[in-house]
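# Structural features, examined
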Amino acid sequence: MDGAEFRRRGKEMIDYVADYLENIQERRVFPTVEPGYLHQLIPDHAPEEGEKWDDLFKDIERVIMPGVTHWNHPQFHAYFPSANSYPAMCADILCDAIGCLGFTWASSPACTELEVVMMDWLAKLLNLPEQFLSGGKGGGVIQGTASEATFVALLAARQKAIQDYRHNHPEIKNGEEVADKLVAYCSDNSHVSVERAGLLGRVKIVQLPADDKQSLRGDTLQEAINKDKSMGLIPCFVCATLGTTSSCAFDNIKELGPICEKEGIWMHVDAAYAGSAFICPEYRYLLDGVEHAMSFDFNPHKWLMVNFDCSAMWLKDSSYVVDAFNVDAAFLKTGGNDIKKTMPDFRHWQIPFGRRFRSLKLWFVLRLYGVRALQDIIRKQIALAHEFEGLVVKDGRFEIVAEVIMGLVCFRMKGPNEPNEKLLELINKNGRIHLVPGKIKSTYFIRFAVCAKSTESKDIAYAWSVIAELATRIISENKR
Ligand code: PLP
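Residues numbered from 1 in each chain as written. Predicted model: local features only at pLDDT ≥ 70, side-chain atom pairs only at ≥ 80, totals over all residues. Heavy atoms only, no water.

## What about the overall build of the chain?
Stated precisely, the cut-off is as follows: Helix and strand assignments come from DSSP, with helices taken as H or I runs of at least 4 residues and strands as E runs of at least 2, each series counted from the N terminus. Here the globule rule is a power law, 2.2 Å times the number of residues to the power 0.38, and the radius of gyration is based on C-alpha atoms. In this scheme, a residue with accessible area under 20% of its type's maximum is buried, one over 50% is exposed, and one in between is partly exposed, where area comes from a 1.4 Å probe on protein chains only. In this description, contact between two residues means that some pair of their heavy atoms is separated by no more than 4.5 Å. Residue-level accessible areas treat just the shown protein chains as cover; the underlying method is Shrake-Rupley with a 1.4 Å probe. We treat Lys and Arg as the positive residues and Asp and Glu as the negative residues; His and chain ends play no part in the count. Here the site of a charge means atom NZ of a Lys, CZ of an Arg, CG of an Asp or CD of a Glu.
Per the secondary structure count, the chain includes 15 helices and 11 strands. Relative to its length of 480 residues, the chain is compact, with a C-alpha radius of gyration of 24 Å against a globular reference of 23 Å. Across its three principal axes, the chain shows a C-alpha extent of roughly 70 × 65 × 45 Å. The proportion of buried residues among the 480 residues of the chain is 53%. Here the contacts in the chain between residues at least 6 apart in sequence split such that 73% fall between residues at least 24 apart. Roughly 22,400 Å² of accessible area belongs to the chain as shown, and the carbon and sulfur atoms make up 55% of that amount. Of the side chains in the chain, 55 bear a positive and 63 a negative charge, and the two mean positions are spaced by 2 Å.

## What about the pattern of salt bridges?
Note the cut-off: Salt bridge, as used here: a side-chain nitrogen of Lys or Arg that lies within 4 Å of a carboxyl oxygen of Asp or Glu.
Going through the model one piece at a time under the given rule, you end up with 27 salt bridges. A salt bridge links E61 to R27, with the shortest nitrogen-to-oxygen separation between them at 2.8 Å. Of this pair, E61 sits in helix α2 (residues 53-64) while R27 sits in the loop between α1 (3-22) and α2, and the two are 34 residues apart along the sequence. Taking relative accessible area as the criterion, E61 reaches 36% and is therefore assigned partly exposed. Salt bridges here are not isolated pairs; linked through shared partners, they connect D92, D96, D309, R356, R358 and K361.

## Examining the packing of α1 against helix α3 (residues 86-98)
For any two helices packed against each other, one specifies the inter-axial angle together with the distance between the axes. The following threshold applies: Axis definition: a line fitted to C-alpha atoms, limited for helices to the stretch in contact. Angles are taken between N-to-C directions and run from 0 to 180 degrees. Orientation labels follow simple angle bins: below 35 degrees gives roughly parallel, above 145 gives roughly antiparallel, 65 to 115 gives roughly perpendicular, and whatever is left gives oblique. Should the near helix be turned anticlockwise from the far one by less than a right angle, the crossing is termed left-handed; should it be turned clockwise, right-handed. All residues other than Ala, Val, Leu, Ile, Met, Phe, Trp, Tyr, Cys, Pro, Asp, Glu, Lys and Arg, Gly among them, are scored as polar; the first ten of these are nonpolar and the last four charged.
Contact geometry for α1 and α3: axes closest at 13 Å, N-to-C directions at 155°. Relative to α3, the element α1 is oriented roughly antiparallel. Like other packed secondary-structure pairs, α1 and α3 cross with a definite hand, here right-handed. Contact residues: I14, V17, A18, L21 and E22 in α1; Y86, M89 and I93 in α3. For the contact of α1 with α3, the class distribution of residues is seven nonpolar, no polar and one charged.

## Here we look at the sheet that holds strand β5 (residues 266-270)
Within a sheet, adjacent strands bond to each other through the backbone by hydrogen bonds, running parallel or antiparallel. Stated formally: Paired strands are those between which DSSP finds at least two bridges.
If you walk across this open sheet you meet the seven strands as β1-β7-β6-β5-β4-β2-β3, and the pairing is mixed. If you trace the sheet from one side to the other, it starts and ends with β1 (139-143) and β3 (204-208), each paired once. Within the sheet, the average angular offset between the axes of one strand and its neighbour, ignoring direction, is 20°. Bridge count for β5 against strand β6 (residues 295-298) is three bridges, and the pairing is parallel. Bridge assignment links V269 to a residue of β6, and that residue is F296. Lying over the sheet, helix α4 (residues 109-125) contacts β1, β6 and β7 (311-315), oriented at roughly 85° with respect to β7.

## Observations regarding the pairing of β5
The condition is simple: Assignment of crossover handedness uses the view with strands pointing away from the viewer, where a clockwise path from the first strand over the helix to the second indicates a right-handed crossover.
When you tally the buried positions in β5, you get five out of five residues, the bulk of the element. Alternating residues of β5 divide into W266, H268 and D270 and M267 and V269, and every residue in both groups is buried. Taken together, the five bridges between strand β4 (residues 234-241) and β5 define a ladder with parallel strand orientation. The residue of β5 that forms the bridge with A240 is V269. A crossover links β4 with its parallel partner β5, the connecting element being helix α9 (residues 253-263), and its sense is right-handed.

## Some words on the UniProt feature "modified residue: N6-(pyridoxal phosphate)lysine" (unreviewed entry) in the chain
Just so we agree on the cut-off: UniProt positions are given in the numbering used here, feature names are shortened, and annotations may be inferred rather than shown by experiment.
In this structure's numbering, the residues bearing the UniProt feature "modified residue: N6-(pyridoxal phosphate)lysine" (unreviewed entry) are K302. By the secondary structure assignment, K302 is in helix α10 (residues 300-303). K302 has contacts with F80, P81, S82, A83, A272 and Y273, leaving out every residue within four places of it along the chain.

## Concerning unusual backbone geometry
A cis amide bond links F308 to the next residue, D309, at an omega of 10°. Tracing the sequence through the fold places D309 in the loop between α10 and β7. Unlike most non-glycine residues, N127 shows phi in positive territory, near 55°. Checked against the element boundaries, N127 lands in the loop between α4 and β1. We note that K441 has phi near 50°; this positive angle belongs to a residue other than glycine. Take K441: it is sitting in the loop between β10 (436-440) and β11 (443-449).

## Concerning the environment of T455
Threshold: Each polar contact in these results corresponds to two N or O atoms within 3.5 Å; when the atoms are within protein, one needs to be able to donate a hydrogen and the other to accept it, and residues that are neighboring in sequence are counted only if both atoms are side-chain atoms.
Within the secondary structure, T455 sits in the loop between β11 and α15 (457-479). You can call T455 buried: its relative accessible area is 0%. For the pair T455 and P74, spaced 381 residues apart in sequence, the C-alpha to C-alpha distance is 4.4 Å. Those residues within four positions of T455 in sequence are excluded, and the remaining contacts are H73, P74, H77, K380, L384, V450 and I460. Looking at T455, its side chain comes within polar contact range of the main-chain oxygen of P74, at 3.0 Å.

## Here we look at the packing of helix α8 (residues 218-230) against α9
It is the contact of α8 with α9, at a shortest axis distance of 8 Å, that shows an interaxial angle of 25°. Put simply, α8 runs roughly parallel to α9. For the pair formed by α8 and α9, the contact residues are G218, L221, Q222, I225 and K229 on the first element and E255, L256, I259, C260, K262 and E263 on the second. Looking at the contact of α8 with α9, its residues break down into five nonpolar, two polar and four charged.

## Some thoughts on the sheet that holds strand β8 (residues 398-400)
In spatial order, the strands read β8-β9-β11-β10; together these four strands make up an open sheet with antiparallel pairing. Because the sheet does not close on itself, it has two edges, and the strands there are β8 and β10. Direction aside, the axes of adjacent strands within the sheet are offset by 40° on average. Pairing of β8 with strand β9 (residues 408-413), which is carried by three bridges, proceeds in the antiparallel orientation. Within β9, the position partnered with I400 by the bridge is F411. Most of the contacts of α15 go to β9, to which it runs at about 20°, and overall it touches β8, β9 and β11.

Following this line, the structure appears as structure tokens:
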């Protein structure tokens, strides 16, 4: 494909994408294919000679689309949203064209510099404490995912705890001795990525019980810390969640934070989904307490119109991360020492070495939408969630499981779990809408998330009519 053909085919591709998104509601939201379906549709080896564009293009509908779960379908209500916008897609095209790997400032200065400015813009939108902004010890960095951010934070906390402990106990010669005693905490509602970060970082993770609102509280944490310290363990890290995956609950960081500060423990705040809502002043109170955190992360790629991947992470003191991951090679020394003082080398702030020019899509989205339109999208989706909640509440067969704060409604049919499991199975087999389950302790429920930006009131009413119809079917089958 040369430049002339790229111009032509690229435009065809853009038309295809716009058609796909504009007419997505005509597709089945959840595919019917069986595992292994794709093997049967394409050869088992790469072609020896290049093929024609038209042949490839036809195969998008034949091979790919039958196996796609349409996350931007107005009837997609599973998991959490995956943000999608034309400005972000345009920025990604530019990112691919530039194709730089921004591991050092010198490897492509605009890549680092735009990221620093965009992370400051975002920090100001969320009204994050000054210490998280660039210019001092702190600053922001774009990670690929919230899981990576948690892992990076845990590794930095591990490094800090070993350093601090050895400083206070100079008789200890070997850092490994300290590492074996490290312990970290999260709630029993935390995302599985926290447990995984512990496994990868070799730090024992203790899942603490949340209260009856699924919030991790200060007294629970303090008790666990006291117990572990009395056994000779070294508490080093707490991952608090704002907007848990199962029910969008909020850990009490106003209580957890001061305890972490007093105990010298690194608090990381994971607001993967809910974080975007903090750009609305009326939801910012949910972030109070973040001033106690050493690091904070949320995913603009979930709810802020920036396509995957873009996870925004801030550190109060980046030196811990830089020290934990700092390795150098001769080919990286192109810029001189002055650059280091004023601009970060983001390779020290992340797990991979190479990094995409992801700040472009933040820049495009923030400039082309503007803050007000982004706030409107969040407010609209939360209002739609409340509309759905109202429909659930009106039907005496159902109950709401957790307070609806953001765009997620957790509900179930009253009574045992089994009919609810059957109901969800039927909903997804039926294919008109797509939902996933949640479980808190032994209670099984169904999660309804407002995901696509094209979802409207009529889609909420439609989704509820499908659920109510299938629930009637389950109830009458159970009576037989
Ligand atoms: N943390 C929370 C609270 C989440 O809800 C999720 C995903 O939904 C994650 C972490 C993982 O996000 P990512 O896929 O960006 O790692």
